Amino acid sequence: MSKADTYTIEQINLLVKGEGFLFDSGAIIKNLIIDSRTLSNASNAVFFAIKAQRDGHQFIAHAYENGVRSFVVSEDIDQANYPGANWIKVDDVLLALQKLAAYHRSAHQLEVIGITGSNGKTIVKEWLYQLLSADYNIIRSPKSYNSQIGVPLSVWQINDSHNLGIFEAGISTLGEMKQLGSIIQPSIGVLTNIREAHDEGFTDKMEKLREKLLLFEGVETFVYALEYIVADVVLPGKRKFTWSFSRPADLQVLEILTEETSTVLKAKYADEQIEVTVPFTDAAAIENAVICWATLLAMGYALQETAFRLTKLVKVGMRLQLINGIDNCSLIDDSYSADIYSLSIALDFLNQQNQHPKRTLILSDLYETGKSSDELYEEIALLLKLKKIDRLIGIGQQISIYQYLFSIEKSFYDNTADFLANIGQHSFNNETILVKGARKFGFEQVIKRLAQKVHDTVLEINLNALLSNLQFYKSKLSTGVKTMAMVKAFSYGSGSFEIANLLQYHKVDYLAVAYVDEGIALRKAGISLPIMVMSPEPSAFDAMLRYKLEPEIYSIEVLKSFLHFLPEEVAHFPIHIKLDTGMHRLGFEPEQIDELTFLLSQSQKLKVVSVFTHLVATDDGQHDEFTQWQVKQYEQMYDKLQTSLVYKPICHVLNTSGVTRWPNYQFDMVRVGIGLYGFDAALAKGEGLQTVAILKTTVSQIKQLQPNETVGYGRRGSLPNGGQIATVKIGYADGYSRAFGNGVGKMLVDGKLAPTVGSICMDMCMLDVTGLDVAVGDEVIVFNEEHSIVDLAKEIHTIPYEILTNVSQRVKRVYYYE
């Protein structure tokens, strides 16, 4: 490792211009950490206490407990509580991180491709990596690390063995790109496109374009499409390489010929007719392939070699997938990439899973890491120890050589075929299995063997989107306000422990379920957060006690029943008091408060941990006076109740829409439910929220109908002029209501809305696909961000909650995490 690849904490203090309080000024720093839960090689790490959606200073103690001894902070710290630690105090911790990364980049003389645009950044980056890795030792952004924090963490991974960097940069508002440009310092700039994504941070596309172009100041070569550039913008780059689908350009695509599984692109380049074949057919992939084609030509690659390499492109799996495996296992599919940094990310996700007692890693050889084999596998062995992995199955000749480094349950195979031939010798049962391998090992075969066989209809859950929605609501809260996440009804149809694990990992304070059995399932899956049960049944009181579940007490009868049940030795068992201020569903009425306080004062068995009410119309401006009246009622009832207690219970009234519209009523805690899944009636078009769930199915059969032939039960469907119908694999047993029949419901086929024909059957239904390009096996979207759950709810005059919670348990849930 060269001087440019290793730093002492004293050098870092000088580089960030901090005020140093250094116990060991010579401490070697190799890793930059921003999350106290994702540590590797803690003794050689420095923790940056960044104030973002959460304040990193709140997690210094946790990082210290886990072995970190060097910190960059912006607040005064009581150093006596952290003996042996090094401290660097700066005005802005994020800026210090960026300064350090910018210096590190400057210390390495390598070619760097910088990529930005509205869409396609990560795909283009990964494809350029595939196309160029035969000629370069490449360092690239892991996954989509393209933010103000992600870019410096990516650039920090550069070492002297790398001779090409490929980094992407993403922005959401003005003033962000110049800083990222100073860190990446690209020599080749690639602009993918300028579209509507992230428009909300800019006044118009022109402003967004100018901001993005700041990444490319000083580049030697700038690669871009003429379609996305307006005339009065000053373009960067000493040399410019243009491409276009419609205008004369350095690379002008003249013809696109789509075949069954590939596309032939014919183009004009340097006054010559050329063509390539790419193994994709969708429009987005074709544009991304053309961007890569243009970039290779701009870098001087020969036409024939460029065309050959483009035929070898493989689909990029952008995200981790969490799916059900055989024999009560959970399976994490991350088989599309294999480098040490993405391995660390995948292991952190594995560690979030608490539903099984055992964690297994199936790992291939890792290539092109910029490290020697000795250094690489020593680091992997340490990582597995730190992440508490129980079993390793190593596949590949390299990892097999280093099997002596791993002091856990282990087995090794030279190749994937060898492992699959011997898979029966392994017992996979009640464990979480992470499958991660270089593409050449073909680990999709391993996934196929270990995955539970499922129905073709799938509900995809984007855990990153759910996390983004959680942070959206948290960002609206005053300091110290707690968050209760509603995970009732199978987390609104999205999953149970899969969602709860994520919420627990990201520090919500409470979970709430409807019934005791939901809470028990979470406890059995390893969820340790406090859990409120909203509908406690006397028959389940014993289970609540055993599993430490906290009942919502909403009536004198339930309170008396629970007090009578509790054994005499129980003291201060946590309960939540529900007050009725106008919902008139459940809860104590104002005239019952005296009796309630009397009963509570007569026993030491209970502790009231929270008192709450349900506001009936926080999203609707026409009922604002009633909302205010409800809150006044609640405050009067709460004050009367609290006066009789010797402590102050948590006070909470706001639901999802309340958080959005009523910041003055946050009190001690808020309850976030459907908003986590991307729906908030108080927000126009869900501004600021991301779509979490996508329901997909497939085409089973296509039929041609003559005019007035009928379709389905009761002959209720017909096409008066004849046409084409597609039978798709979803019906009312999957949660697609019969109310969607006879043209009421629509699904996206070939990117266009296709109405239902006839009645919805139990396991399938029929769509009118006349005039659409559709084949058996094609994907059909029931709902997504374009044709949303809100749209479906309007079609059958219901609410989004019902659409989402109706998706039945036989529909496979696939969880994605980036």
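Conventions used here
- Residues numbered from 1 in each chain as written.
- Predicted model: local features only at pLDDT ≥ 70, side-chain atom pairs only at ≥ 80, totals over all residues.
- Heavy atoms only, no water.
- Helix = DSSP H or I, 4+ residues; strand = E, 2+ residues; numbered from the N terminus.
- Buried < 20%, exposed > 50% of the residue type's maximum accessible area, 1.4 Å probe, protein only.
- Lys, Arg positive; Asp, Glu negative; His and termini not counted.
- Charge placed at Lys NZ, Arg CZ, Asp CG, Glu CD.
- Pairing = 2+ DSSP bridges.
- Axes fitted to C-alpha atoms, helices over the stretch in contact; angles between N-to-C directions.
- Contact = heavy atoms within 4.5 Å.
- Parallel < 35°, antiparallel > 145°, perpendicular 65-115°, else oblique.
- Left-handed = near helix turned anticlockwise from the far one by under 90°.
- Polar contact = N/O pair within 3.5 Å; in protein donor to acceptor, adjacent residues only side chain to side chain.
- Core = buried A, V, L, I, M, F, W, Y, C linked by side-chain atoms within 4.5 Å.

## Let's talk about the overall build of the protein chain
Looking only at helices and strands, the protein chain has 25 helices and 40 strands in total. Along the first, second and third principal axes, the C-alpha set of the protein chain runs to 90 × 85 × 65 Å. By residue count, 57% of the 818 residues in the protein chain fall in the buried class. Here the protein chain holds 76 positive side-chain charges and 96 negative ones, and the gap between their average locations is 2 Å.

## Details of the sheet that holds strand β15 (residues 263-269)
Sheet strands pair via backbone hydrogen bonds, and the direction of the pair is either parallel or antiparallel. Spatial strand order, β9-β10-β8-β11-β12-β13-β14-β15-β16: 9 strands in an open sheet with mixed pairing. Each edge of the sheet is formed by a strand with only one pairing partner; in this case those strands are β9 (138-140) and β16 (272-278). Across the sheet, the axes of successive neighbouring strands diverge by a mean angle of 20°, strand direction being ignored. The strands touched by helix α8 (residues 283-298) are β11 (188-191), β12 (221-225), β13 (239-244), β14 (251-258), β15 and β16; relative to β13, the strand with the most contacts, the crossing angle is about 150°.

## Quick look at the environment of Tyr404
Relative to the helices and strands, Tyr404 resides in the loop between α12 (397-401) and β21 (409-413). Put simply, Tyr404 and Phe598 are 194 residues apart on the chain and 67 Å apart in space, counted from C-alpha to C-alpha.

## Some remarks on the packing of helix α21 (residues 593-601) against helix α22 (residues 624-643)
Closest axis-to-axis distance for the α21/α22 pair is 9 Å, and the angle between their directions is 30°. If you check the angle between α21 and α22, you find them roughly parallel. Considering how the two elements wind past one another, α21 and α22 form a crossing that is right-handed. Here α21 contributes Ile593, Asp594, Leu596, Thr597 and Leu600 to the contact with α22, which in turn contributes Met637, Lys640 and Leu641.

## A closer look at helix α7 (residues 205-213)
Since there are 3.6 residues in each turn of an α-helix, residues three or four apart along the chain are aligned in direction. Taken together, the buried positions of α7 are Lys208, Leu209, Glu211, Lys212 and Leu213. Here the buried face of α7 lies against β8 (111-116), α6 (177-184), β11 and β12. N-capping of α7 is provided by Asp204, with a side-chain oxygen placed 3.2 Å from the backbone N of Met206.

## So, the pairing of strand β38 (residues 765-768)
Pairing between strand β35 (residues 723-728) and β38: 4 bridges, direction antiparallel. Paired with Ile725 across the strands is Asp768, a residue of β38. Pairing geometry for strand β37 (residues 752-757) and β38, over 2 bridges, is antiparallel. From the neighbouring strand, Val757 faces β38, where its bridge partner is Met766.

## Some points on unusual backbone geometry
For Asp327, which is not glycine, the phi torsion reads 50° and is therefore positive. Structurally, Asp327 can be placed in the loop between β17 (320-324) and β18 (330-334).

## A short note on the side chain of Gln724
Tracing the backbone through its elements, the reader meets Gln724 in strand β35. Owing to a relative accessible area of 15%, Gln724 belongs among the buried residues under this scheme. Discounting chain neighbours no more than four positions away, the residues touching Gln724 are Ile702, Lys703, Gln704, Leu719, Leu767, Asp768, Val769, Thr770, Leu772 and Val774.

## Focus: the nonpolar core
If you look at the biggest cluster of nonpolar residues, it comprises 130 residues, and the most contacted ones within it are Ile380, Leu503, Leu511, Ile577 and Phe783. It is helix α15 (residues 463-474) that contributes the most residues to this core, 7 residues altogether. Those residues in contact with Leu511 that sit more than four places away from it in its chain are Met484, Ala485, Val487, Ala500, Leu503, Leu522, Ile527, Leu529, Pro530, Ile531 and Met532. Grouped together as the second largest cluster of nonpolar side chains are 72 residues, Ile183, Ile184, Phe241 and Ala307 included.

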